[in-house]
Amino acid sequence: MLASLLKYRLEKDGYAVAIKSNGKEVKQDIAEHLPDAIISDVMMPYFSGIELVDYLRNDLKSDIPIILISAASNEENVISAFKMGANDFIAKPVSPSELLIRVAREIERYYCT
Amino acid sequence: MYLSSKTYQLPFLINSPKIHTDLLWDLTLLFLVLAGLYVFFIFFFKNRSATLFRKRKSKRAELAPIISNFLFHSPEDPKTEQREYVELKITIREYLSDKYFRKVLADILFDLQKDVAGATQERLYKLYVELGLHQDAYQKLSNWRWNTVSQGILELSQMKVTDAFHFISKFINDKRGVVRKQAEIAIISLKEEGINHLLNNTKYAISEWQQLRLIEALSSLKDYRPPKFKTWLISHNKDVVLFSLRLIKHFNQNDAAASITELVKHKNDQVKIAAISCIKDFNFNEANSVLKKVFWNCGSMVKVQILDTIGAIGDEGDLMFLNEIGKLESNFSVVNKAHAAINTISPDSILPTENIVEDLVAPITKSESGLYDVEFLETEVEYSEVVVKPEKTIETKEIEVEEIEVFDLVEKKEPKVKEETEEPIEAPDFKIQEMERELNNTLNFSLGLIDAAALGKDEDELKEAQEDYAQMSKEQRVKFVDTLESVGDKRETQLLEFIMEHEEDAELRFRAFNTLKSVGNKPEQAVEIVSETITPSVEPTVKLEPLKLHGILPEESIFYDLYAYASDMNSKEILIQEIMSIGDERDIPFLIQLQQTETDIIKALVDQALATITKAISEKPVEDAVDTSVAEVAGNNTIDEIDFSALQTLVEKPETKPNKDTDGKGGLIPLELCFLYDELGILYDENNNKEDLGLNFELSKEFEVMVKSNNYNLQNE
């Protein structure tokens, strides 16, 4: 439900958004086509957000912006996310306005510098 | 044989019963039917729930963009979106009549409020009420099932329906525990005053877990200002008192000392322990006496708590009470705690005694000197209480190890009386260096211990100095004159005169002359010399800087720096007007310099200033003698025409002839010298000192009074 809400908000701001319901689908999808940025929950079926970052950075050798969202915003989770190469970490509950700003910033940093 | 045949006969009871074969088939069929039904129901309900889940999922997916649209809609959106919003609103109103739809919608919003924050969350709460979903939650409150009621309370509290406060508050005394607990949390999270309502009205116990959840709910409130929880310390509900004590601790409300101290006397041990814990945390020292009073009537758990608190807040006055507990109390843990408290107040008062081997015999070794090493013996002394027998010493070599007795040795060190004859202190033969001698002479001269006239009579020394000077190179002579300028006094008068007469270099001659003048042996003569030396007939180059040469420089004027920073004509004019109003002799060289350098407008002002200052100076009676010359100076427009001899006299006057009590402060002497006179008991000659040192400064009021009283005492003597 949160995913569809965020999709609506991002699309309203001009982004093209695709939702994947589990980590396996994400993995298959990014292997075929890399998006400009990824917003992922840490806890996903089959493939966690941290594993996704690891796969993207080390296997695909891609440095596209990744923003992780998690309800378990403990220190360990956050540190491991950043260690793996996540660009940002947002704890739930998420403010959609805040997320928009962070996404815009990361995309600008990656593509405009 | 009979016995053996009987042994092999089976007992009657374990024989298989004779059942009809048809019955077996009937039972088989029955169980098969039951199994079939069981499987059927499992599949039926599983499929049903799966279908419902799929249906709900598709419904959620269908409703998600509608809800998103509602949540993120703004009046500034384009017309197409506005139209879409209105259409969705109409559509959803039609759907809202469907109970199932409302349920799904409520579930979606309830799930979503956990994941979103900020303005979106606020919009979501608003949407929940606008769609009338809270009405369904209200209906749940009147359901007979406890789980439905609890769900309704949770929904209303999570969706921040504050109007539901009164409906939910009725459930805080519900006999169903789950409903009651849910209601307690709900009323706290809905309104700030919920905690007051709860503590005032609850009749049931509040478990520790529930207390923690309630505190968590309170902490999640924004800008929460807790009430004074000491109000509920008088509650009849023991759990309310306990919860209040916990809240007092949590919110650090340390203004309930009296009530908390009184609760130590509560008959319930839990309340006692909570109150004692508060006393310890808030360091209520005044509760110490109450703790001691109630101690003997408490159980061991409370006693331990009390002792722990006394250890933390007590002082040495409590040691007697604690020692008494150590002797009288039979409970092991209480005694231990009492000892721990004693050691907390007075560290290392009680040392370990259990399982300590006291009869340790250390090998006594002989040291190199042949005596026994008494290092171990000294350790033993600490535990021995035997009185000292001074005759017995352990110096003898014949002592046997088994016979060693250890005594509490008290060594009294008597002061060694040594008859020492005082040896006469021989005066050290110090060789006074030349510089020290000079300094000494200067000091003695300042104190009036040396006759200044006698100093000059040392003809041999003078001749030697003159010869030395004559043999010096020019650089050495320059340095010598520098030295004389800086440290010279009256004794160098003849030498300076010699330099003035015999020096080839004009500059050095002139400097010697200045030094001679500054040492001031004969001021009248110096002025005469000045008058004779600097005349208008001197070369123009010399004429241009006469004032600079004779003491006062243009830079000495207080207006010099200010004028240098004046950026525009207006500021300069203002400054010259200021000089005109408050200027004195020291500003004249500066004004003359301005006459040379500035424009006509400024020159006119400078002339006015010079005239004004000259007039002001001429009115002073002391300076009557120089009126004419100053007037002449002021009257001249060009520097070449100034009578420098007259001006020199005017400028030099204050230096060569200090004011004699014109302002009542003429008798001032250096403060240090005043104290030195006082210490040495010397009557000083004011006039002499003034002339010699030429020191004249103002003392602060307190020192002035001191010096005056000192003078008065000296005169009386």
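Residues numbered from 1 in each chain as written. Chains lettered and ligands numbered in written order. Predicted model: local features only at pLDDT ≥ 70, side-chain atom pairs only at ≥ 80, totals over all residues. Heavy atoms only, no water.

Participant: It is not clear to me how the overall build of chain A should be interpreted in this structure. Could you clarify?
Facilitator: When you go through chain A residue by residue, the secondary structure sums to five helices and three strands. Counting helices and strands in the order they occur from the N terminus, chain A gives α-α-β-α-β-α-β-α. Buried residues in chain A amount to 38% of all 113 residues. Put simply, of all contacts in chain A between residues at least 6 apart along the chain, 50% involve residues at least 24 apart. Roughly 6,200 Å² of accessible area belongs to chain A as shown, and the carbon and sulfur atoms make up 50% of that amount. (Helix = DSSP H or I, 4+ residues; strand = E, 2+ residues; numbered from the N terminus. Buried < 20%, exposed > 50% of the residue type's maximum accessible area, 1.4 Å probe, protein only. Contact = heavy atoms within 4.5 Å. Areas by Shrake-Rupley, 256 points an atom, 1.4 Å probe, with all protein chains shown as cover.)

Participant: Sorry if this is basic, but what is going on with the overall build of chain B here?
Facilitator: Counting its regular elements, chain B contains 37 helices and zero strands. Looking at chain B residue by residue over its 717 residues, the buried ones come to 37%. Taking the contacts inside chain B whose residues are at least 6 apart along the sequence as the reference set, 62% of them involve residues at least 24 apart. Here chain B has roughly 46,700 Å² of accessible surface; of this, 54% comes from carbon and sulfur atoms.

Participant: What's the story with the pairing of strand β2 (residues 66-70) of chain A in this structure? I'm lost.
Facilitator: It is a general feature of regular strands that their side chains alternate between the two faces of the sheet. Residues and elements named next belong to chain A. The buried fraction of β2 amounts to five of the five residues, a majority that puts the element mostly inside the structure. Burial of β2 is two-sided: the residues Ile66, Leu68 and Ser70 facing one way and the residues Ile67 and Ile69 facing the other way are all buried. Of the strand pairs in this sheet, strand β1 (residues 38-41) and β2 are connected by four bridges, and their pairing is parallel. When the bridges of β2 are listed, Asp41 appears paired with Ile69. Read from β1 through helix α3 (residues 49-59) to β2, the crossover connection turns out right-handed. Where β2 meets strand β3 (residues 88-91), four bridges bridge the pair, whose relative direction is parallel. The partner of Ile67 across the bridge, within β3, is Asp88. This β-α-β element, β2 to helix α4 (residues 75-84) to β3, shows right-handed connectivity. (Pairing = 2+ DSSP bridges. Right-handed = clockwise from strand over helix to strand, strands pointing away.)

Participant: Can you help me understand helix α25 (residues 506-519) of chain B in this one?
Facilitator: The periodicity of an α-helix, 3.6 residues per turn, causes residues three or four positions apart to be oriented the same way. With 14 residues, α25(B) extends 20 Å from end C-alpha to end C-alpha; this agrees with the ideal 20 Å at 1.5 Å per step. Of the residues making up α25(B), those classed as buried are Leu508(B), Arg511(B), Ala512(B), Phe513(B), Asn514(B), Thr515(B), Leu516(B), Lys517(B) and Val519(B). (Expected span 1.5 Å × (residues − 1).)

Participant: Got a minute to help me understand the environment of Asp255(B) in this structure?
Facilitator: All names here are of chain B. Within the secondary structure layout, Asp255 lies in the loop between α12 (238-250) and α13 (257-263). On the accessibility criterion, Asp255 (31% relative accessible area) is partly exposed. Taking the C-alpha atoms as reference, Asp255 lies 9.8 Å from Phe229; in sequence the two are 26 residues apart. Apart from the residues lying within four places of it in its own chain, the contact partners of Asp255 are Lys228 and Lys230.

Participant: Where do I start with helix α6 (residues 133-141) of chain B in this structure?
Facilitator: Among the residues making up α6(B), those that are buried are Leu133(B), His134(B), Asp136(B), Ala137(B), Tyr138(B) and Leu141(B). Buried residues in α6(B) make contact with α4 (99-115), α5 (119-130), α7 (146-158) and α8 (165-169) of chain B.

Participant: Would you mind showing me how to read the nonpolar core here?
Facilitator: The tendency in soluble globular proteins is for nonpolar side chains to be buried as a group. Residue and element names in this part refer to chain B. Judged by nonpolar contacts, the single largest core of 109 residues is most densely connected at Ile195, Leu245 and Ile260. In terms of residues, this core owes the most to one element, α4, which gives eight residues. Excluding its chain neighbours within four sequence positions, the residues that come into contact with Leu245 are Leu233, Ile260, Leu263, Val271, Ala274, Ala275 and Cys278. Residues Tyr563, Ile576, Leu594 and Ile613 belong to the second largest nonpolar core, which totals 19 residues. (Core = buried A, V, L, I, M, F, W, Y, C linked by side-chain atoms within 4.5 Å.)

Participant: Help me understand the pattern of salt bridges, please; the structure alone is not making it clear to me.
Facilitator: Should the charged atoms of two oppositely charged side chains come close, the side chains can pair. Counted according to the given criterion, the structure contains 24 salt bridges over all chains. For Lys140(B), the salt bridge identified is with Glu155(B), shortest N-O distance 3.2 Å. One end of the pair, Lys140(B), is in helix α6; the other, Glu155(B), is in helix α7, and 15 residues separate them in sequence. Via salt bridges that share partners, Asp88(A), Glu98(A), Arg102(A), Arg105(A), Glu106(A) and Arg109(A) belong to a single interconnected network. (Salt bridge = Lys/Arg side-chain N within 4 Å of Asp/Glu carboxyl O.)

Participant: Where do I start with the packing of aromatic side chains in this structure?
Facilitator: How two aromatic rings sit relative to each other is given by the distance of their centres and the angle of their planes. If you walk through the whole model with that rule in mind, you get 20 aromatic pairs over all chains. Both rings, one in Phe70(B) and one in Tyr85(B), keep their centres 5.4 Å apart while their planes meet at 80 degrees; by these two values the pair is edge-to-face. Taken together, the residues Phe70(B) in helix α2 (residues 21-72) and Tyr85(B) in helix α3 (residues 79-95) connect sequence positions 15 residues apart. Judged by relative accessible area, Phe70(B) falls into the buried class, the value being 5%. What makes Tyr85(B) buried here is its relative accessible area of 14%. Arranged with centres 5.0 Å apart and planes meeting at 85 degrees, the rings of Phe295(B) and Trp296(B) form a pair that is edge-to-face. Here Phe295(B) falls in the buried class, since its relative accessible area comes to 0%. The residue whose ring lies beneath Arg9(A) is Phe72(B), and the NZ or CZ to ring-centre distance is 5.5 Å. Just above the ring of Phe295(B) sits the side chain of Lys303(B); from NZ or CZ to the centre is 5.4 Å. (Phe/Tyr/Trp six-rings, centres within 6.5 Å; stacked < 30°, edge-to-face > 60°. Lys NZ or Arg CZ within 6 Å of the ring centre and 35° of its normal.)

Participant: What exactly am I supposed to notice about unusual backbone geometry here?
Facilitator: For residues that are not glycine, phi is negative in most cases, and the peptide bond is trans in most cases. Pro93(A) follows Lys92(A) through a cis peptide bond whose omega is 0 degrees. Of note, Pro93(A) is situated in the loop between β3 and α5 (96-112). Backbone geometry places Tyr46(A), a non-glycine residue, at a positive phi of 70 degrees. Classification of Tyr46(A) as exposed rests on a relative accessible area of 63%. Not every positive phi belongs to a glycine, and Asn252(B) is a case in point at roughly 50 degrees.

Participant: Which parts of the structure should I look at to understand the packing of α3(A) against α4(A)?
Facilitator: In a pair of packed helices, the angle between the axes and the distance between the axes together describe the arrangement. Residues and elements named next belong to chain A. One can describe the packing of α3 onto α4 by two numbers: an axis separation of 9 Å at closest approach and a directional angle of 15 degrees. On the basis of the axis angle, α3 is roughly parallel to α4. Classified by chirality, the crossing of α4 by α3 is left-handed. Where α3 approaches α4, its residues Ile50, Val53, Asp54 and Arg57 are matched on the opposing element by Asn77, Ser80, Ala81 and Met84. Here the contact of α3 with α4 is composed, by residue class, of four nonpolar, two polar and two charged. (Axes fitted to C-alpha atoms, helices over the stretch in contact; angles between N-to-C directions. Parallel < 35°, antiparallel > 145°, perpendicular 65-115°, else oblique. Left-handed = near helix turned anticlockwise from the far one by under 90°. Nonpolar A, V, L, I, M, F, W, Y, C, P; charged D, E, K, R; others polar.)

Participant: When you look at the confidence of the model for chain A in this model, what are you seeing that I'm missing?
Facilitator: Note that predicted coordinates carrying low pLDDT should not be read in detail. Counting all residues, the mean pLDDT for chain A is 89, and 100% of those residues have values of 70 or more. In the model of chain A, α4(A) stands out as the element of lowest mean pLDDT, 86, in contrast to β1(A), which has the highest, 92. (pLDDT = per-residue confidence, 0-100.)

Participant: Just to check I follow, could you spell out the sheet that holds β1(A) for this structure?
Facilitator: Think of a sheet as strands paired side by side through backbone hydrogen bonds, with each pair either parallel or antiparallel. Residue and element names in this part refer to chain A. Across the sheet, which stays open at both edges, the three strands sit in the order β1-β2-β3 with parallel pairing between neighbours. Two strands in the sheet have a free side with no partner beyond their single neighbour: β1 and β3. In this sheet, neighbouring strand axes are inclined to one another by 20 degrees on average, regardless of whether the strands run parallel or antiparallel. Sheet strands touched by α3: β1 and β2. Its angle to β2, the strand with the most contacts, is close to 170 degrees.

Participant: Just to check I follow, could you spell out the interface of chain A and chain B for this structure?
Facilitator: In many analyses, interface size is given as the accessible surface area lost on bringing the parts together. The partner chain B presents 19 residues to the 12 residues of chain A that form the contact. Summing both partners gives a buried area of about 1,300 Å² for chain A against chain B, and 68% of it is carried by carbon and sulfur. In terms of surface lost to chain B, no three residues of chain A exceed Met1(A), Leu5(A) and Tyr8(A), which account for 47% of the buried area on that side. Summed over the shared surface of chain A and chain B, the result is one salt bridge. Among the ionic pairs, Asp77(B) bridges to Lys12(A), the shortest N-O distance being 3.1 Å. For the pair chain A and chain B, the interface holds five residue pairs in polar contact (both at pLDDT 80 or more). In terms of residues, the side of chain A that touches chain B owes the most to one element, helix α1 (residues 2-12) of chain A, which gives six residues. Partitioned by chemical class, the residues of the side of chain A that touches chain B number seven nonpolar, two polar and three charged. (Buried area = accessible area lost by both parts, 1.4 Å probe. Polar contact = N/O pair within 3.5 Å; in protein donor to acceptor, adjacent residues only side chain to side chain.)

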